[in-house]
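# A look at the structure
For reference, the chains in residue letters:
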Amino acid sequence: MYYLIGIFIFYMVFVITGSRKQRMKIKIKRTITYKNVNVIPKTNDILKTNREEENETLKELTLESKNFVVRNLKIKSKNVDEEMTYLAVVPKSYTPEKSYPVLYLLHGLRDSANDWIEKAKLLDSFELLLEKKKIGKMIVILPNSGFCGESWYSDFKKVKNKNYESYFIGELMLDVKNRFNIDNAGIAGFSMGGYGAFKLGLKNLELFKVIGSFAGAVSLVRLTINKRITRIVKFIYLPNFLFRDEDKERFINIFGSWGKGIIQEDPYTLIKQLDTAKQQGKHFYLSVGSEDEEPYYMIHQWVDMVGRIKRFNLPFEAYIYKGETHTWDYIAKDIGRFLKYSWKYLK
């Protein structure tokens, strides 16, 4: 009986809310007029956005780096029943007598830590910006999320020994601190990683100065249901049979079936619930591709979060990349811009 009532409620909500696409077109047009929101023209040149002159010769992309070494590190976790790994991008000139800013970059769904190097061209952008003295040397931590790249950086509600949020805050960050002399920290991520960065950052504001999202799933309600029912979602129960899609079924296993539990893990909701005073001095970065719509509506989530951050007068920069979709190529075009933004506040 309850299941039938739930189905009826969903049907009525979707009928009443009307055309999602038309409303979103209007909201995007309004959002790009905001101060600190920038539209980046379409380009096929991955490193063009990191260069001062358009006619500069594009350097050959390579996994080698003259200033950095990539270390593959392991942690035997007490919070999850698997060995966890991460990559540490460390300056070759590193010395424990000097402290370095640290930046955590979280990969997306079914991706891996190495994608930041191979696909996002992290080292190439890093070296180019160092050469131009746009940034200084940082330590960059690239965690593997666990659970075959599908952990959502979260403590699972319906599966035991899968406490990835607890691992990240209680074990990974401690391991990094024990290995390296670090000070100011930033966190960002792509897609699922953008969700993880915003959730972990907002829940632990004292740990991070910069919080960033590249096409992140920063609004769970928008991702799974419809933003228009945010106010009533906490009263809704979502049975597994409504979510036959594998990703959405896994979503229920991670976040549970009760709407109240879901919104407690929702960055869009968290940023409203937290003490605004505590968020001052934190700096938020959000980018997205203009064509990043179905099936997960990342541009819609970007619009939601930009609007909410602006409403609470929090420091931010936002970018929308024309013609780009949900790919690592778009990240490769944006990563240099984010490195400069991070260095500005972490140095």
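So, here's what we can say about the structure. Note that the structure is predicted; figures quoted are calculated from it, not measured. (Residues numbered from 1 in each chain as written. Predicted model: local features only at pLDDT ≥ 70, side-chain atom pairs only at ≥ 80, totals over all residues. Heavy atoms only, no water.)

## Quick word on the packing of aromatic side chains
All chains considered together, the criterion is met by 22 aromatic pairs. Ring centres of tryptophan 152 and phenylalanine 255 lie 6.1 Å apart, and the angle between their planes is 75 degrees; on these two criteria the pair is classed as edge-to-face. Here tryptophan 152, found in the loop between strand E5 (139-143) and helix H5 (164-179), pairs with phenylalanine 255, found in helix H8 (residues 246-255); they are 103 residues apart in sequence, far enough to count as distant. Assessed through its relative accessible area of 11%, tryptophan 152 is described here as buried. (Phe/Tyr/Trp six-rings, centres within 6.5 Å; stacked < 30°, edge-to-face > 60°. Helix = DSSP H or I, 4+ residues; strand = E, 2+ residues; numbered from the N terminus. Buried < 20%, exposed > 50% of the residue type's maximum accessible area, 1.4 Å probe, protein only.)

## Concerning the environment of leucine 207
Positionally, leucine 207 belongs in the loop between helix H6 (192-203) and strand E7 (210-214). If near-sequence neighbours (up to four positions away) are discounted, leucine 207 is found in contact with Ile169, Met173 and Ala185. (Contact = heavy atoms within 4.5 Å.)

## Topic: the sheet that holds strand E6 (residues 182-190)
Ordered in space as E1-E9-E8-E7-E6-E4-E5-E3-E2, the nine strands form an open sheet in which the pairing is mixed. Of all the strands in the sheet, just strand E1 (37-40) and strand E2 (68-76) have a single pairing partner and so form its edges. Recorded for the sheet is a direction-independent mean angle of 20 degrees between the axes of neighbouring strands. Inspection of the sheet shows E1 paired to strand E9 (residues 316-321) by four bridges, in the parallel sense. (Pairing = 2+ DSSP bridges. Axes fitted to C-alpha atoms, helices over the stretch in contact; angles between N-to-C directions.)

## Regarding the pattern of salt bridges
Oppositely charged side chains may form a pair once their charged atoms are brought near each other. Under the counting rule described, the total for this entry stands at twelve salt bridges. Here lysine 199 ties to glutamate 165 by a salt bridge, and the two come within 3.1 Å at their closest N and O atoms. Note that lysine 199 is positioned in helix H6 and glutamate 165 in helix H5, a separation of 34 residues in sequence. For lysine 199, a relative accessible area of 0% corresponds to the buried category. Close ionic contact of glutamate 165 with lysine 203 constitutes a salt bridge, the shortest N to O distance being 3.3 Å. You can see glutamate 165 sitting in helix H5 and its partner lysine 203 sitting in helix H6, a full 38 residues away along the chain. Looking at lysine 203, the relative accessible area reads 31%, which means it is partly exposed. Ionic contacts of the salt-bridge type, sharing partners, join the residues Glu165, Lys199, Lys203 and Glu265 into one network. (Salt bridge = Lys/Arg side-chain N within 4 Å of Asp/Glu carboxyl O.)

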